[in-house]
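Reading the structure
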Amino acid sequence: MQVSLHRWQHWRVAAVCATSLFALLSAGVSAFAQTGGGAARATSCPGGNGGITLPSGFCATVFADNLGHVRHMVVAPSGALYVITWSGRFYHNAAPPRGGFLIALKDDKGNGKADVVRRFGPGVAQGSTGGTGIGFYNGVLYAEQNDKIIRYALPADSLVPTEPPQIVVSGLPLTGDHPMHPFIIDAHGHLYVDIGSATNSCQITNRTLNSPGHRPCGELRTRGGTWLYDANKTNQRFSPAGRYVTGLRNGEGFGFDSSGRLFATQHGRDQLSQNWPRLYTSQQSARQPAEELVVLQQGADYGWPECYYDRFQKKLVLAPEYGGDGGKAVGVCAQKTEPVAAFPGHWAPNDLLIYSGTAFPAAYQGGAFIAFHGSWNRAPEPQGGYNVVFQPLKDGKAAGDFVVFADGFAGAIKEPGRAKFRPTGLAQGPDGALYISDDVHGRIWRVTYRGPANASVAAAPGVVAASGGEPGPPEGVNPSAGGAANLGALPVPPGSTKQEVALGDRIYHGEAAGGTCGGCHGVDARGGPQGPPLVSGHYAVGNGSFQSIKQVVADGVPHPRGYEVPMPPKGGAPLTDSDVTAVSAYVWAIGHHRARHRR
């Protein structure tokens, strides 16, 4: 909801359970290694792996840090790493670092760290907001800039360009939910560009309760697929004629295997229960649909928006906007192209790398690393992702289950607005090292291997996201902090009761009436990319009165200012009028409690 105190006791219970599970998993991994299934030799890594965890034998160093919102990366044959950063509404329009949005980094000393860092290209002063896509082809650097793909010639004796860029493609769509343009270039100069959808599911009213889908979905003419251009040409213009495949809601990650197959990721749609509560429970919506790995074939249709992939039934099913019944009906989805691998819902796959090096064990060679940015749409379930997984591949298909290869990026709290780091980009160095980027603080990790050559694929040690450590809860960790134990300290709005505030607390945290508020505003109500904070005493919509909050909750916020996701009426949850009153009372209470505390 666009309208809170976190259940810290709840987190401590979750942490205890997760710790017990971690102990069991650790014992299993240990036994697995002793039987020859994993890297049996322990490896000591200097510097604590930069705060992340990896399978035994792998080590990470912080290659660079505090670069801005780093998105995708590419390594030149010289070994120099080029990255692109982004700004704008996805980062609350915060001021980016000074200089251009492109950065060249190089390790001249051979110590695994970038000792040369050079910014270049257009910056804010030149009207740029940066982007996501970056690539290298035929000695030339390609990059996304607003609605364009541009290219820079790189002199042999210079790390950064000395001449202005040329425009390769212009007029790429910038509106809607997915304005980024990741891309990849093959050895022949074929330039494949992802054009994400403008909406969640092509509803008549985006992300709104019971709104049906457009028939036909007109935005598929210019969105929701991959477009093909020529990297050797300049001044090309975006048009519907350039479409290569359709039915990809938001591709983001691309990778070629050794046989030339082009793989891409697919972000599954959001808000099944919030928009269709009579068909889906909040638990079902937290786990569905799957995120996907697909093989791109010219002319193929991967299903969006009419279909989504059900990871548990292992098939494409009809979306509710197009006559779906909650996951049983298939209809036209029988003619769509299914993924080669599927992953938990809402983890958000932001980049893909097919590993072609030989520095990692043979079991990893030819497989796919996928950077998962992390979820916001799993409330009331715990948020997930915020990791890098490895998916074994053979002959263009999955060759086993995926494992979490790198974990711990989020730190103590797995939520968009609180995660310490969020994996975003992947690149491979000439020496076989794996680079991982983050778009919160702009950290880049360099992952190398120093274990036995015959090691099998193994998972990284699990990480418990709990309230202890950094960052801690604002109330502290005393037994009476937060949740129901501290509700007596909350003020009660005029005309309401403590009992209503208590019920509103449970609804907000998904413990009653299918409440979904924490998904956008955070379980601690401190806000995130999808929704504003509710504990500041300031309100993005309305005047903050109890009556105003009730009106906002009931009506929703179809066009939020400065946030990505519209709020459907009642947050898309099946709230009664009394439920609306209760959750509004809670929101009023936490906002006024914080304001009083500051005074």
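What comes next is a walk through the structure. (Residues numbered from 1 in each chain as written. Predicted model: local features only at pLDDT ≥ 70, side-chain atom pairs only at ≥ 80, totals over all residues. Heavy atoms only, no water.)

**Things to note about the side chain of Asp-270**
To be explicit about the condition: Think of it this way: any DSSP run of H or I at least four residues long counts as a helix, any run of E at least two long counts as a strand, and we number them from the N terminus. Residues are treated as being in contact if the distance between any of their heavy atoms lies within 4.5 Å.
If you trace the backbone, Asp-270 turns up in the loop between strand S16 (262-266) and helix H2 (272-275). With residues near it in sequence (within four places) discarded, Asp-270 still touches Asn-200, Arg-207, Arg-249, His-346, Trp-376 and Asn-377.

**Overview of unusual backbone geometry**
A cis amide bond links Arg-215 with the next residue in sequence, Pro-216, at an omega value of -5°. Tracing the sequence through the fold places Pro-216 in the loop between strand S11 (190-195) and strand S12 (225-230). Here the residue pair Trp-304 and Pro-305 is connected by a cis peptide bond, since its omega of 0° sits within 30 degrees of zero. We note that Asn-138 has phi near 55°; this positive angle belongs to a residue other than glycine. If you check the backbone angles, Asp-395 has positive phi at about 55° while not being a glycine. By secondary structure assignment, the location of Asp-395 is in the loop between strand S24 (393-394) and strand S25 (397-398).

**Observations concerning the pattern of salt bridges**
We apply this condition: Definition used for salt bridges: Asp or Glu carboxyl oxygen within 4 Å of a side-chain nitrogen of Lys or Arg. Categorising residues by exposure relies on relative accessible area from a 1.4 Å probe, with only protein chains included: less than 20% of the type maximum marks a residue as buried, more than 50% marks it as exposed, and the intermediate range marks it as partly exposed.
Applying the stated criterion across every chain, the model contains 13 salt bridges. Of the charged contacts, one joins Lys-336 and Glu-306 as a salt bridge, the two residues approaching to 3.2 Å between their closest N and O atoms. Linking Lys-336 in the loop between strand S19 (315-318) and strand S20 (341-343) with Glu-306 in the loop between strand S17 (291-295) and strand S18 (307-310), this pair joins segments that are 30 residues apart in sequence. On the basis of relative accessibility, which here comes to 16%, the residue Lys-336 falls in the buried class. A relative accessible area of 26% places Glu-306 in the partly exposed class. One connected set of salt bridges, linked through shared partners, spans Asp-177, Arg-207, Arg-249 and Asp-270.

**Points about the sheet that holds strand S27 (residues 423-428)**
Stated formally: Two strands pair under a simple rule: DSSP has to find at least two bridges between them. Every axis in this analysis is a line fitted to C-alpha atoms, fitted for helices over the stretch in contact. Angles between the N-to-C directions lie between 0 and 180 degrees.
In space, the four strands of this open sheet follow the order S1-S29-S28-S27, with antiparallel pairing throughout. If you trace the sheet from one side to the other, it starts and ends with strand S1 (58-64) and S27, each paired once. Neighbouring strand axes in the sheet, compared pairwise and without regard to direction, differ in orientation by 25° on average. Where S27 meets strand S28 (residues 434-438), five bridges bridge the pair, whose relative direction is antiparallel. Bridge pairing in S28 places Gly-425 opposite Ser-437.

**Quick word on the state of the cysteines**
Put plainly, two cysteines are in a disulfide when a covalent bond ties their sulfur atoms together. Definition in use: Here, a disulfide means two cysteine sulfur atoms that sit within 2.5 Å of each other.
Taken as a whole, this structure holds three disulfides when the rule is applied. Sulfur-sulfur distance for the disulfide between Cys-202 and Cys-217 comes to 2.1 Å. Handedness here is read from the sign of the S-S torsion; for Cys-202 and Cys-217, about 100°, the answer is right-handed. Separated by 15 residues along the polypeptide, Cys-202 in the loop between S11 and S12 and Cys-217 in the loop between S11 and S12 bring together distant segments of the chain.

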